[in-house]
Amino acid sequence: MSRVAENLYSILITLWVGALWAIGYLAAPTLFRVLDDRALAGRLAGEMFTYVAWLGMAAAAYLLVFLALRKHGAAFKSSVFWLVLVMLLLAVAGYFGIQPILAQLKADSFPREVMESAMRDRFMAWHGVSSVVYLIQSLLGLMLVALQGRGLR
């Protein structure tokens, strides 16, 4: 395989996992700590999480194709392949499964903010599910960074 494809493999892992950690554990908490308007902080964090989800889905698509071409049938025996696939599934579940539920709960609470409405408890429960999914994806990302060299062998 070409050196460009290998470099892109490493770059995309770095971008994806770096974005997961930078947005989830640095930027989003900072927004809630610094901004007085928690609804605004939530909207901004939500936008950033959307970008991370799309970055993850695009990176995973490339990584899975790269690994399949690189390892042929042995890709299914590769821990890196399975880490990427599980991370992709978590990103898809978060973006297409959990986030629409959170958005609907916000819409159902209108004209109030969701945290000031009867939807608060349901929103908090689903937000907790989303946080656990994101944490698992982030931890798998650390494993992916540590094991990424196996994908090149």
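Shown above is the structure to which this text applies.
We now turn to the structure provided with this report. Note that residues are indexed from 1 along each chain, following the sequence as it is written. It should be noted that, the model being predicted, local features are given only for residues of pLDDT at least 70 and side-chain atom pairs only at 80 or more, the latter also being counted only at that level, while totals for whole chains, interfaces and linings use all residues. As a rule here, side-chain values come from all non-hydrogen atoms in the structure, and water together with hydrogens is ignored.

What to know about the packing of aromatic side chains
When the centres of two rings from Phe, Tyr and Trp lie within 6.5 Å, Trp using its six-membered ring, the rings pair. Their planes under 30 degrees apart give stacked, over 60 give edge-to-face, and anything left gives tilted. Under the defined criterion, the tally for this structure stands at 11 aromatic pairs. Note on tryptophan 21 and tyrosine 25: the rings are 4.6 Å apart at their centroids and 45 degrees apart in plane angle, and the pair reads as tilted. Here tyrosine 25 and tryptophan 21 lie together in helix α1 (residues 3–34), a separation of 4 residues that amounts to about one turn. Exposure classes here rest on a 1.4 Å probe applied to the protein chains alone. A residue is buried below 20% of its type maximum, exposed above 50%, and partly exposed in between. A relative accessible area of 28% means that tryptophan 21 is categorised as partly exposed. Using a relative accessible area of 30% as the deciding quantity, one classes tyrosine 25 as partly exposed. Geometrically, the ring pair formed by phenylalanine 76 and phenylalanine 81 is edge-to-face, given 5.2 Å between the ring centres and 75 degrees between the ring planes. Secondary structure counts use DSSP, requiring at least four H or I residues in a row for a helix and at least two E residues in a row for a strand, with both numbered from the N terminus.

With respect to the pattern of salt bridges
It is possible for side chains bearing opposite charge to pair when their charged atoms get close. Every case where a carboxyl oxygen of Asp or Glu lies within 4 Å of a side-chain nitrogen of Lys or Arg is listed as a salt bridge. As enumerated under the stated definition, the model contains 2 salt bridges in all. Here glutamate 6 makes a salt bridge to arginine 3, at a shortest N to O gap of 3.0 Å. Taken as a pair, glutamate 6 and arginine 3 lie in helix α1 at a separation of 3 residues, close to a single helical turn. On the basis of relative accessibility, which here comes to 58%, the residue arginine 3 falls in the exposed class. Residue glutamate 6 is classed as buried on the basis of its relative accessible area, which comes to 13%. Through salt bridges with shared partners, a single network forms among Arg3, Glu6 and Arg70.

Let's talk about the layout of surface pockets
A 1.4 Å probe that fits but cannot get out identifies a cavity on a 1 Å grid over protein atoms alone, an open set with protein on both sides within 12 Å along at least five of seven lines counts as a pocket, and a residue lines either if it has an atom within 4 Å of a point. Grid points are joined across faces, edges and corners, and a volume is the space filled by probe spheres set on the points. Its volume calculated, the largest pocket comes out at about 1,300 Å³. What lines the largest pocket is a set of 41 residues, among which Gly42, Gly46, Lys106, Phe123 and His127 lie closest to the centre. Secondary-structure elements contributing two or more residues to the lining of the largest pocket are α1, α2 (38–71), α3 (79–109) and α4 (120–147). When residues in the lining of the largest pocket are grouped by element, the largest group, 11 residues, is from α2. Put simply, Ala, Val, Leu, Ile, Met, Phe, Trp, Tyr, Cys and Pro go in the nonpolar bin, Asp, Glu, Lys and Arg in the charged bin, and everything else, Gly too, in the polar bin. For the lining of the largest pocket, the class distribution of residues is 22 nonpolar, 11 polar and 8 charged.

Purely geometric numbers; function is a separate question.
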